[in-house]
Amino acid sequence: MGQRTVEYAKRLNWNKVANDYLLYRNGYPASFFSRLKKLGIGLPKQSILDLGTGTGALAIPFAQQGALVTGVDPAEGQIEAAYQRSRVMGLWVNLLISPAEDTGLPDHAYDVVTASMCWGYIDKKTGAAEVSRLLKPKGLFLISSIHWSAEDGSVAEKTNDLIASYNPDYGKKNSTEDKSYGLPEWAEGYFKRPIRENYVEAISFSKEAWLGRIRASKWIGASLLPGEVEAFDREHRELLKGEPEEFQIIHRIKMEIFQSV
């Protein structure tokens, strides 16, 4: 499954969704960054490298908190969007076009390395070695994710069914299982057993924001042909006609924090 995910990622075109990503994928709620601060991540003057940074969903909030942030991503369009966003906000984030597995950045230069919504797309064997090389002694490695939950009868469940009708690679239901694991095989020799935190939070969307959020997803904007994206968007808009103008979507937020050995 892991290799299949990596192979699928190679077919995705994140440049196509850079604008929607910037406008509609706002990332994590404030509670996420508050929890991370208590766990020693996102502190002022802390040197942080964000892998697969996209439009800066982690990099920019960390910079707002006073951290010294570098973000890398292989998609030029995503890096350009992150640059424009950080510039508008008056922030300095060092943004580079680079794969996570071979950044070319200096050894042991970072207090923290982060990977949000991207670790499943990275070759874990080479990725773990690269993260270990980049971290300072006892540095922290954060893997995090945020996924909407398709509760029965919810807007998200209806959206899920529509996505599945357009993209056969899509699982009709996002997993809601909460499992606990020991040290993953890829982490052996590089990291200690992680701290794990999982929690649930309702996030508000307007109809337009939800349309954009889904259009920016890997299953739609990054996967389908332009005509297919337009057809999906029309059908999704029709599906939402009977919904209120503002609604909440349950999200499951997960984090794993490893310390380098």
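Just so it is clear, the model here is predicted, and its values are computed rather than measured.

### Concerning the overall build of the protein chain
Link 1 in the chain: Assigned secondary structure in the protein chain consists of nine helices and seven strands.
Link 2 in the chain: The 261 residues of the protein chain split such that 50% are buried.

### Describing the pairing of strand β4 (residues 110-116)
Link 1 in the chain: Along β4, six of the seven residues are buried, which leaves the element largely enclosed by surrounding structure.
Link 2 in the chain: Examined bridge by bridge, strand β1 (residues 47-51) and β4 share four bridges and lie parallel to one another. Each bridged residue has a counterpart across the sheet, and for Ile48 the counterpart in β4 is Val112.
Link 3 in the chain: Sheet topology note: the β4/strand β5 (residues 135-148) ladder contains six bridges and is parallel. Across the sheet, residue Thr114 finds its bridge partner in β5, namely Leu142.
Link 4 in the chain: In this fold, β4 hands off to helix α6 (residues 124-134), which returns the chain to β5; that crossover is right-handed.

### Comments concerning the nonpolar core
Link 1 in the chain: Ranked by size, the top nonpolar core spans 45 residues in total, and within it Phe32, Phe62 and Trp210 carry the most contacts.
Link 2 in the chain: Setting aside anything within four residues of it in sequence, one finds Phe32 in contact with Leu58, Leu142, Ser144, Tyr199, Ile253 and Met255.
Link 3 in the chain: The next biggest cluster of nonpolar side chains, apart from the first, holds 21 residues, and it includes Leu105, Ile122, Val131 and Ala187.

### Some thoughts on helix α5 (residues 76-88)
Link 1 in the chain: Here α5 spans 18 Å end to end across 13 residues, near enough to the 18 Å set by a 1.5 Å rise per residue.
Link 2 in the chain: Looking at α5, one finds that the buried residues are Gln78, Ile79, Ala81, Ala82, Arg85 and Ser86. Down the axis of α5, the buried side of the element spans an arc of 160°, and every buried residue falls inside it. Residues of α5 that are exposed and angled more than 90 degrees away from the buried face: Glu76, Arg87 and Val88.
Link 3 in the chain: In the stretch just after α5, Gly90 is the one whose phi turns positive, near 70°.

### As for the sheet that holds β5
Link 1 in the chain: Pairing is mixed across the open sheet formed by seven strands, whose spatial order is β3-β2-β1-β4-β5-β7-β6. Only two strands of the sheet have a single neighbouring strand rather than two, namely β3 (94-97) and β6 (195-206). When strand polarity is set aside, the average angle formed by the axes of neighbouring strands in this sheet is 20°.
Link 2 in the chain: With five bridges connecting them, β1 and strand β2 (residues 68-73) associate as parallel partners.

### Some remarks on helix α8 (residues 207-215)
Link 1 in the chain: Of all nine residues that make up α8, seven are buried, and the element is covered over most of its length.
Link 2 in the chain: Restricting attention to buried positions, one finds in α8 the residues Lys207, Trp210, Leu211, Gly212, Arg213, Ile214 and Arg215.

### Quick notes on the pattern of salt bridges
Link 1 in the chain: A full pass over the atoms with the stated rule returns 12 salt bridges.
Link 2 in the chain: Across the salt bridge formed by Arg252 and Glu151, the nearest N and O atoms sit 3.7 Å from each other. Taken as a pair, Arg252 in strand β7 (residues 246-259) and Glu151 in the loop between β5 and α7 (155-166) lie far apart in primary sequence, 101 residues in all.
Link 3 in the chain: Judged by relative accessible area, Arg252 falls into the partly exposed class, the value being 26%.
Link 4 in the chain: Take Glu151: its relative accessible area is 33%, and that puts it in the partly exposed class.

### Observations concerning the environment of Val72
Link 1 in the chain: Inspection of the secondary structure assignment puts Val72 in strand β2.
Link 2 in the chain: By relative accessible area, Val72 is classed as buried at 0%.
Link 3 in the chain: Taking C-alpha positions, Val72 is 8.0 Å from Gly54, a pair spaced 18 residues apart along the chain.
Link 4 in the chain: In contact with Val72, other than residues within four places in its own chain, are Leu49, Asp50, Leu51, Gly52, Thr53, Ile79, Leu96, Ser98, Thr103 and Leu105.

### So, the pairing of β2
Link 1 in the chain: Counting buried positions along β2 yields five of six residues, so the element is predominantly enclosed.
Link 2 in the chain: Once you follow β1 into helix α4 (residues 59-64) and on to β2, the crossover reads as right-handed.
Link 3 in the chain: Judged from the four bridges that link them, β2 and β3 form a sheet pairing that is parallel. Residue pairing across strands places Thr70 opposite Asn94, the latter belonging to β3.
Link 4 in the chain: Note that the unit made of β2, α5 and β3 has a crossover that is right-handed.

Conventions we followed
- Residues numbered from 1 in each chain as written.
- Predicted model: local features only at pLDDT ≥ 70, side-chain atom pairs only at ≥ 80, totals over all residues.
- Heavy atoms only, no water.
- Helix = DSSP H or I, 4+ residues; strand = E, 2+ residues; numbered from the N terminus.
- Buried < 20%, exposed > 50% of the residue type's maximum accessible area, 1.4 Å probe, protein only.
- Pairing = 2+ DSSP bridges.
- Right-handed = clockwise from strand over helix to strand, strands pointing away.
- Core = buried A, V, L, I, M, F, W, Y, C linked by side-chain atoms within 4.5 Å.
- Contact = heavy atoms within 4.5 Å.
- Expected span 1.5 Å × (residues − 1).
- Arc of directions from axis to C-beta.
- Axes fitted to C-alpha atoms, helices over the stretch in contact; angles between N-to-C directions.
- Salt bridge = Lys/Arg side-chain N within 4 Å of Asp/Glu carboxyl O.

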